[in-house]
Amino acid sequence: MPKTITPRPRTAVGVDGPLVSLGALLREWLPRQRWFAGKDRPVTELSVLSVTELFPGCLHLLVHASHAPVPTPGGTPPPGDCYQLLLGLRENPVPRLERAYIGRAVEGPLAGLAVYDALHDPRSANLLLERLRQPGAAGPLRFEADPGAHLPGGLPPRLLDAEQSNTSIVYGDAYILKLFRRIQPGVNPDLEVSAALAAQGCTRVPAPVAWFGTTEPQPATLGVLQPFLPDATDGWTLALRALAAGDDFTGEARELGRAMAEVHLALAEAFPPAGPGENGRTAEAMCARLDAAAHAVPGLRPFVPGLRTAFGALATCDTGPAAQRIHGDLHLGQVLRAGRDWFVIDFEGEPSRPLSERRVPQSPVRDVAGMLRSFDYAARQRRPWRPEWARRCREAFCAGYAARAGWDPRKKHALLRAHETDRAVYEVLYEARHRPDWLPVPMAAIKRLAVWGG
C-alpha cells in the first residue's frame, strides 16, 4: 500500500476552524480538479492536516481526502490522499478570478468570505515568489534556496494550464515553479534528482534554484523552482508537427536517445547503481499490476495470458544493465528541445505510485520502454495511423542511446518487451479512468505485445 500523509488522532489548534468553513466547498471542488487522484472513489471524509497563513488573504493547507476502500487484485488502494492547496480569501468575488472561484464560506471563522484557488491570482503568485527569495520558515513551511543563485523579484507570473497532476507558474519566462498537489512524505524525486544531477555537472536537466516543504504532519516536499527554457518546445509537440507535415523525425529521435543515455550515465554517478536487477521480483510486480488493471478494465482480460508470457520471459532472461535511479515516467512530454539540445524534465515519476517506490533503483530499460511507447502514441494521434513512422523513430532512439550508453536496448529483447508491456498496461488503466477516447492507443499495443510478442 502506498505510504501517504494521514490525519493524526488529534488536529492541531486552529486546524478545525477552517474545516468548518471550507469542508463543504472543498468536498465539491476537489473531485473536479485534474490533479485529484480519487475521481473513481467518492470522498467520504475531509480532514485538514495543517493550515498556515502564508500572507494576509492567503491560506496554505494540507488536506486529507478519505475514500471508501476498494479492494482490487494486486493490493488495496490507500483510503485517501493528502493534497496541497493555496486558498485566497476576499470580501467579494473578483471577475478576473472567475475561473478560480470555489465558493463563499457560510459558517465558521471564514463565514461570508469568497474562497478561490490563490494560484490563479497574480498577487498571490508574486508573494509566493517573494517567500522563495527570502529563505526561512512560515509555521511548518520551510523555504530554501541555492545560495549561489540570484533570484530577482518582480517577475510577472503566468499559470500554466496543460498539467494534469501538478500546478506550475512561470515567472517572467525565466523560472518555473512546480507545486506538487498530491503530497507524500519524503523528498520528492523532482528535487532530489535534479539537485544531484546539477552537482554532477549534468546540463541536460535544469538545476533547482529554490524549493519549499513542510515539517508537519510529516516532512515532505511541496514545490521546486527551476530555470525556465522560454524558447524550448516539448518533444510531443515537435513529434506531432513532424507527423502533420509528413517530415522525418529520426534525426531528432537519435539525438534524444543520446541525451537520455547521458542522463542515465549521470544518474549512475550521482546515485550508485544497486547491482543486477531482480528480474523475478520485477516480473511478479508486473503480473500484480496486470491483474489489478484487468480487474478495472474488462477489455484487457482476454489478453492477460499472452501478456503474462512477456513477464515470464523476463523472469528467466539475463538481468541486463544494473538497476539504478531512473526518470520513471519518461515520454515525449517530459523532454524539451531548445536549439539543437534536448533537456529532460519532471523527475517526479508516476504520481500514482508510492514515493518510496519511485525512488528505488530500477532498470534503465524502463525509461527506454516509456519513450518507445510515446513514439507509438504520437503516430496514432490521427488517421491514418503511422506505425512505420513510429518504428523508424523507435529504432533511431535506440541507436542513439546505444552509441552513448555502450549497450543496445534492442539486444535486450525480453527485458524491453516486458517493460514495454508493463507500460502499456499502465496506459490502459490511466486512459480508461481519465481519457476513455484515448484507450484504443494502448489497446493496440496490448494486442501486438500479447499476440505477436514484440
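Anything mentioned here points back to the structure above.
Described in the following lines is the structure provided in the data block. (Residues numbered from 1 in each chain as written. Predicted model: local features only at pLDDT ≥ 70, side-chain atom pairs only at ≥ 80, totals over all residues. Heavy atoms only, no water.)

### Regarding the packing of helix H9 (residues 365–379) against helix H11 (residues 413–434)
Packed helices, taken two at a time, are described by their axes: the angle between them and the distance between them. How we decide: Here an axis means a line fitted to C-alpha atoms, over the contact stretch when the element is a helix, while the angle between two N-to-C directions is reported on a 0 to 180 degree scale. Only DSSP runs of H or I with at least four residues qualify as helices, and only runs of E with at least two residues qualify as strands; both kinds are numbered from the N terminus onward. Roughly parallel refers to an angle under 35 degrees, roughly antiparallel to one over 145, roughly perpendicular to one between 65 and 115, and oblique to any angle outside these ranges. When the near helix sits turned anticlockwise from the far one by under a right angle, the crossing is termed left-handed; a clockwise turn instead gives a right-handed crossing. Any two residues whose heavy atoms approach within 4.5 Å at even a single point are treated as in contact. Under the scheme applied, nonpolar residues are Ala, Val, Leu, Ile, Met, Phe, Trp, Tyr, Cys and Pro; charged residues are Asp, Glu, Lys and Arg; polar residues are all the others, including Gly.
Remark: H9 packs on H11, axes separated minimally by 8 Å, with the N-to-C direction vectors making an angle of 55 degrees. Between H9 and H11, the angle is such that the two are oblique. The chirality of how H9 crosses H11 is right-handed. Counted together, Val365, Arg366, Val368, Ala369, Gly370, Leu372, Arg373 and Tyr377 of H9 and Leu415, Leu416, His419, Glu420, Arg423, Ala424, Glu427 and Glu431 of H11 form the full contact between these two elements. Residue composition of the contact of H9 with H11, by class: eight nonpolar, two polar and six charged.

### Quick word on helix H3 (residues 189–199)
Counted only if it meets this: Think of it in three bands: residues with accessible area under 20% of the maximum for their type are buried, residues over 50% are exposed, and the middle band is partly exposed, with areas taken using a 1.4 Å probe on protein chains only. Here a polar contact means two N or O atoms within 3.5 Å. Within protein one must be a hydrogen donor candidate and the other an acceptor candidate, and residues neighboring in sequence count only if both atoms are side-chain atoms.
Taking burial as the measure, the eleven residues of H3 include eight buried ones, the bulk of the element. What H3 keeps buried is the set Pro189, Asp190, Leu191, Glu192, Val193, Ser194, Ala196 and Leu197. Where H3 is buried, its residues touch strand E10 (175–180), strand E12 (210–214), strand E13 (220–227), helix H5 (250–270) and helix H8 (355–358). Its side-chain oxygen 2.9 Å from the backbone nitrogen of aspartate 190, asparagine 188 forms the N-cap of H3. Following H3 by one or two positions, glycine 201 adopts a phi angle in the positive range, close to 85 degrees.

### Quick word on the pairing of strand E9 (residues 166–171)
Filter applied, for reference: Here, a strand pair is defined by DSSP locating no fewer than two bridges between the strands.
Counting buried residues in E9 gives six out of six residues, a clear majority hidden from the surface. Residues Asn166, Ser168 and Val170 of E9 are buried on one face, and the alternating residues Thr167, Ile169 and Tyr171, pointing to the opposite face, are buried as well. Bridge count for strand E8 (residues 157–159) against E9 is three bridges, and the pairing is antiparallel. Paired with arginine 158 across the two strands is valine 170, which belongs to E9.

### Concerning unusual backbone geometry
Proline 217 follows glutamate 216 through a cis peptide bond whose omega is -5 degrees. Residue placement: proline 217 occurs in the loop between E12 and E13. Cis geometry is found at the peptide bond from arginine 383 to proline 384, where omega equals 0 degrees. Among the structural elements, proline 384 can be located in the loop between H9 and helix H10 (387–405). Backbone geometry at aspartate 173 places phi at a positive 55 degrees, although glycine is not the residue there. Residue placement: aspartate 173 occurs in the loop between E9 and E10. Unlike most non-glycine residues, aspartate 346 shows phi in positive territory, near 60 degrees. Here aspartate 346 shows up in the loop between strand E16 (341–344) and H8. On the basis of relative accessible area, aspartate 346 is assigned to the partly exposed category, the value being 22%.

### Observations concerning the nonpolar core
Quick note on the threshold: Remark: nonpolar core denotes a set of buried residues (Ala, Val, Leu, Ile, Met, Phe, Trp, Tyr, Cys) joined through side-chain atoms within 4.5 Å.
Residues Leu197, Phe249, Leu300, Leu307, Phe375, Trp389 and Ile446 are the most contacted members of the largest nonpolar core, which totals 69 residues. The contacts of leucine 300, once residues within four sequence positions are left out, are Leu290, Ala293, Ala294, Leu307, Val425, Val428 and Ile446. Counting residues in hydrophobic clusters, the runner-up holds 37 residues, among them Leu128, Leu129, Ala138 and Leu155.

### Details of the packing of helix H7 (residues 304–316) against H11
For the pair H7 and H11, interaxial distance at closest approach is 8 Å and the crossing angle is 135 degrees. What the angle tells us is that H7 and H11 run oblique. Judged by the sense of rotation from one axis to the other, the crossing of H7 with H11 is left-handed. Facing H7, whose interface residues are Gly306, Leu307, Thr309, Ala310, Phe311, Ala313 and Leu314, H11 presents Ala414, Leu415, Arg417, Ala418, Thr421, Asp422 and Val425. Looking at the contact of H7 with H11, its residues break down into nine nonpolar, three polar and two charged.

### Here we look at the pattern of salt bridges
Formally: Salt-bridge detection follows one rule: a side-chain nitrogen of Lys or Arg within 4 Å of a carboxyl oxygen of Asp or Glu.
Under the counting rule described, the total for this entry stands at 34 salt bridges. The closest approach of N and O atoms between arginine 32 and glutamate 28, which form a salt bridge, is 3.7 Å. Given the relative accessible area of 55%, glutamate 28 is considered exposed. Residues arginine 380 and aspartate 376 are paired through a salt bridge, measuring 3.2 Å at the closest nitrogen-oxygen approach.

### Considerations on the sheet that holds strand E14 (residues 233–234)
If you walk across this open sheet you meet the three strands as E14-E15-E16, and the pairing is antiparallel. The strands lining the two open edges of the sheet, one partner per strand, are E14 and E16. Across four bridges, the pairing between strand E15 (residues 335–338) and E16 is antiparallel. Considered in E16, the bridge of alanine 338 is made with aspartate 341. Running over the sheet, H5 touches E15 and E16 and is turned about 50 degrees from E16.

### Regarding the sheet that holds E10
To summarise the sheet geometry, strands pair through backbone hydrogen bonds and adopt either a parallel or an antiparallel arrangement. Judged by pairing direction, the sheet is antiparallel, and its seven strands sit side by side in the order E6-E7-E12-E13-E10-E9-E8 without closing on themselves. Edge positions in the sheet fall to strand E6 (136–138) and E8, since each of these pairs with one other strand and no more. Neighbouring strand axes in the sheet, compared pairwise and without regard to direction, differ in orientation by 20 degrees on average. In terms of strand pairing, E6 meets strand E7 (residues 141–145) through three bridges, oriented antiparallel. Within the sheet, the bridge partner assigned to alanine 137 lies in E7 and is arginine 142.

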